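Geometric and topological summary
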Amino acid sequence: MVKKILIGLVALVGVFVVVVAMQPADYRVERSLAMAAPPDVVMAQIEDFKRWDAWSPWAKIDPNQKVTFGGPDKGKDATYAWSGNDEVGEGNMKITAVKPGERVDIDLNFIRPFPSSSTVDFVLKPEANGTLVTWGMNGKNDFMGKAFCLFVDMDKMLGNDFTKGLTQLKTAAEAEAAKAQAAPPPAAAPTPAEGAPAAAAEGAPAAEGAGAAK
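What this report covers is the structure whose coordinates are included nearby. (Residues numbered from 1 in each chain as written. Predicted model: local features only at pLDDT ≥ 70, side-chain atom pairs only at ≥ 80, totals over all residues. Heavy atoms only, no water.)

In terms of regular secondary structure, the chain is built from 5 helices and 7 strands. Reading the secondary structure of the chain in the N-to-C direction produces α-β-α-β-β-β-β-β-β-α-α-α. The buried share among the 214 residues of the chain stands at 29%. Excluding contacts between residues fewer than 6 apart, the proportion of contacts in the chain whose partners are at least 24 apart in sequence is 54%. Accessible surface for the chain amounts to roughly 13,400 Å². Of this, 63% is attributable to carbon and sulfur atoms. (Helix = DSSP H or I, 4+ residues; strand = E, 2+ residues; numbered from the N terminus. Buried < 20%, exposed > 50% of the residue type's maximum accessible area, 1.4 Å probe, protein only. Contact = heavy atoms within 4.5 Å. Areas by Shrake-Rupley, 256 points an atom, 1.4 Å probe, with all protein chains shown as cover.)

Below you can see the structure in the form of structure tokens.
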């Protein structure tokens, strides 16, 4: 009886291993959202890691997490590293390419709770009333990742976070756009060429008056 149970368990393990091995290794998760803000305003929120605290869906999970910035202030080669509780884990990001007003590419590496690497992209498409922003992630699952995806819907789990982040990015970008529109335009000072004729015209009556006095 015990022998039959052991044989059954081995068979189940074998079937599970085969099922896991047959799962696709590549994955992509993406979500899109329209924002009433021009591409350059949205881009400013994305290519500057210091602004992510205002809209990232993970920024407020652990208020005590340690965050480190490196490289340039923004754009290509800017880096962001974090280390926090078990929920946010530890990892780092680096901006690898920027196409102004159109796209930002990022390398993402997790250290814990389990090591993994993926690429992240933000694609901006101008629209009549603003910008359509698509946030995507590409990666490869190892055996453990494939097994995890048998029980957890990766697209739904990450997709919900992306949707939350895009909604908060929309709020931040639209607030910046509204602020820019509300700012009064700078007063245009007259150029010397514009002012010269006026000065001459103002001087003409004085000259005539001087002649009349003579």
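Still more to cover.
Within this structure, the stated rule accounts for 11 salt bridges. Here Asp48 and Arg51 are joined by a salt bridge, their closest N and O atoms 3.9 Å apart. Between Lys99 and Glu102 there is a salt bridge, with its nearest N and O atoms 3.4 Å apart. For Lys99, a relative accessible area of 49% gives the class partly exposed. What emerges from the salt-bridge pattern is a single network uniting Arg28, Glu30 and Asp121. (Salt bridge = Lys/Arg side-chain N within 4 Å of Asp/Glu carboxyl O.)

The next point concerns helix α2 (residues 39-46). Most of α2 is tucked away: 6 of the 8 residues are buried. Looking only at α2, the buried set comprises Pro39, Val41, Val42, Met43, Gln45 and Ile46.

Moving on, we get to the pairing of strand β3 (residues 79-83). By the alternation rule, side chains of β3 split into Tyr80 and Trp82, which are all buried, and Thr79, Ala81 and Ser83, of which none is buried. Bridge analysis of strand β2 (residues 66-70) against β3 gives 5 bridges, and the strand direction is antiparallel. Residue pairing for β3: Lys66 is matched across the bridge by Ser83. The loop that links β3 with its antiparallel partner strand β4 (residues 90-99) comprises 6 residues; one of these, Gly89, has a positive phi angle of about 65°. (Pairing = 2+ DSSP bridges.)

This part covers unusual backbone geometry. When glycine is set aside, most residues are seen to have a negative phi, and most peptide bonds are trans. A cis amide bond, omega 15°, links Arg112 with the succeeding residue Pro113. One can find Pro113 in the loop between β5 (103-112) and β6 (116-127). Phi is positive for Asp77, close to 80°, though the residue is something other than glycine. Along the polypeptide, Asp77 turns up in the loop between β2 and β3. Since its relative accessible area comes to 34%, Asp77 is described here as partly exposed.

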